[in-house]
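Inside the fold
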Amino acid sequence: MKIAVLNIGRTGESWLKDGLAIYENRLRHYVPFEMMYLQEPRQSKNQHEKIQKEHEGKIILAALANFEHKVLLDERGKMMGSAGFAGFLQNSMNRGTRSLAFVTGGPFGFSDEVYQAVPERISLSEMTFSHQMIRLIFLEQLYRGFTIIRGEPYHHG
């Protein structure tokens, strides 16, 4: 199973880039993995929130066309612990899923069109994190999920 994490825009902070690189390399030990950075719409920072989300939504939906299973990382999604998330990954592999995409939204979240097209959602916390920070938090949980599946000692809980 190939896994990709789709993100709007690049990661700005060097310390976040360093952390992402660490977990990207770790994940490739378990599964073909790609961190995808989708181009932000031009002049999006000056646009109204709804218009910005709509433009980002078109970019996200176009990128998702190549993936069999799609999941939004969204504050209104299903809450699960690390072991539950590992179970989700294992079930995806057991079903023979060829490609799995997780999507982080832009600073304002997702457009209505994206929500309609991708009904499956996972929440990482009841807290709100920046769209840049969630990338690192999610990659750590993805890595943790694979160590749980393999019975490796990284996860203690």
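Residues numbered from 1 in each chain as written. Predicted model: local features only at pLDDT ≥ 70, side-chain atom pairs only at ≥ 80, totals over all residues. Heavy atoms only, no water.

Our focus in this paragraph is the overall build of the protein. Within the protein, the secondary structure is distributed over five helices and five strands. Counted from the first residue to the last, the protein has its helices and strands arranged as β-α-β-α-β-α-β-α-β-α. For the protein, whose C-alpha radius of gyration is 15 Å, the value lies close to the compact-globule estimate of 15 Å for 157 residues. Here the C-alpha coordinates of the protein stretch approximately 45 × 35 × 30 Å along the principal axes. Here the protein holds 157 residues, and the buried ones make up 46% of them. When contacts within the protein are restricted to residue pairs at least 6 apart in sequence, those whose partners lie at least 24 apart make up 83%. Within the structure as shown, the protein displays about 8,500 Å² of accessible surface, and the carbon and sulfur contribution to it stands at 50%. In the protein, which carries 19 positive and 17 negative side-chain charges, the distance between the mean positions of the two groups comes to 4 Å. (Helix = DSSP H or I, 4+ residues; strand = E, 2+ residues; numbered from the N terminus. Rg over C-alpha atoms; globule rule 2.2 N^0.38 Å. Buried < 20%, exposed > 50% of the residue type's maximum accessible area, 1.4 Å probe, protein only. Contact = heavy atoms within 4.5 Å. Areas by Shrake-Rupley, 256 points an atom, 1.4 Å probe, with all protein chains shown as cover. Lys, Arg positive; Asp, Glu negative; His and termini not counted. Charge placed at Lys NZ, Arg CZ, Asp CG, Glu CD.)

Moving on, we come to the nonpolar core. With 24 residues, the main nonpolar core has Ile3, Phe33, Leu89, Phe102, Leu139 and Leu142 as its most contacted residues. Of all the secondary-structure elements, those providing two or more residues to this core are strand E1 (2-8), helix H1 (14-27), strand E2 (33-38), strand E3 (69-79), helix H3 (82-94), strand E4 (99-104) and helix H5 (133-150). The element that contributes the greatest number of residues to this core is H5, accounting for six residues. Core analysis: the second largest hydrophobic core is formed by 16 residues, Ile8, Ala63, Phe67 and Val114 among them. (Core = buried A, V, L, I, M, F, W, Y, C linked by side-chain atoms within 4.5 Å.)

Here we take up helix H2 (residues 49-64). Under the 1.5 Å per step criterion, the end-to-end length of H2 is 22 Å for 16 residues, consistent within 8% with the ideal 22 Å. Along H2, the residues classified as buried are Gln52, Lys53, Glu56, Gly57, Ile60, Ala63 and Leu64. The buried residues of H2 occupy an angular sector of 135° when the element is viewed end-on, so they sit on one face. Facing away from the buried side of H2 by more than 90 degrees, the exposed set consists of Lys58 and Ala62. Buried residues along H2 sit against E1, E2, E3, E4 and helix H4 (112-117). (Expected span 1.5 Å × (residues − 1). Arc of directions from axis to C-beta.)

By the definition in use, this model includes 10 aromatic pairs. Plain terms: the ring middles of Phe110 and Tyr115 are 5.8 Å apart, the flat faces sit at 80° to each other, and that makes the pair edge-to-face. On the accessibility criterion, Phe110 (3% relative accessible area) is buried. Over the ring of Tyr23 we find Arg26; its NZ or CZ atom is 5.0 Å from the centre of that ring. A cation sits over an aromatic face here: Arg26 above Tyr143, 5.2 Å from the ring centre. (Phe/Tyr/Trp six-rings, centres within 6.5 Å; stacked < 30°, edge-to-face > 60°. Lys NZ or Arg CZ within 6 Å of the ring centre and 35° of its normal.)

Another aspect to go through is the packing of H3 against H5. Following both chains from N to C, one finds H3 and H5 inclined at 70°, their axes separated by 8 Å at the closest point. On the basis of the axis angle, H3 is roughly perpendicular to H5. When H3 is examined against H5, the residues Ser82, Ala83, Phe85, Ala86, Leu89, Gln90 and Met93 are found in contact with a partner set consisting of Phe138, Gln141, Leu142, Arg144, Gly145, Phe146, Ile148 and Ile149. Here the contact of H3 with H5 is built from residues that sort into 10 nonpolar, four polar and one charged. (Axes fitted to C-alpha atoms, helices over the stretch in contact; angles between N-to-C directions. Parallel < 35°, antiparallel > 145°, perpendicular 65-115°, else oblique. Nonpolar A, V, L, I, M, F, W, Y, C, P; charged D, E, K, R; others polar.)

With that settled, consider the environment of Gly109. Relative to the assigned elements, Gly109 resides in the loop between E4 and H4. Residues Gly109 and Leu72 lie 37 residues apart in sequence; the distance between their C-alpha atoms is 9.9 Å. Excluding residues that lie within four positions of it along the chain, Gly109 makes contacts with Lys53 and Glu56.

Turning our attention to the layout of surface pockets. Estimated volume of the largest pocket: approximately 440 Å³. Taken together, 23 residues form the lining of the largest pocket, with Leu73, Asp74, Glu75, Thr128 and Phe129 sitting closest to its centre. Among the secondary structure elements, those contributing two or more residues to the lining of the largest pocket are E3 and strand E5 (121-123). At four residues, E3 tops the list of elements feeding residues into the lining of the largest pocket. Class assignment for the residues of the lining of the largest pocket results in 10 nonpolar, nine polar and four charged. (1 Å grid on protein atoms, 1.4 Å probe; cavity = no way out; pocket = protein on both sides within 12 Å on 5 of 7 lines; lining within 4 Å. Points joined across faces, edges and corners; volume = space filled by probe spheres on them.)

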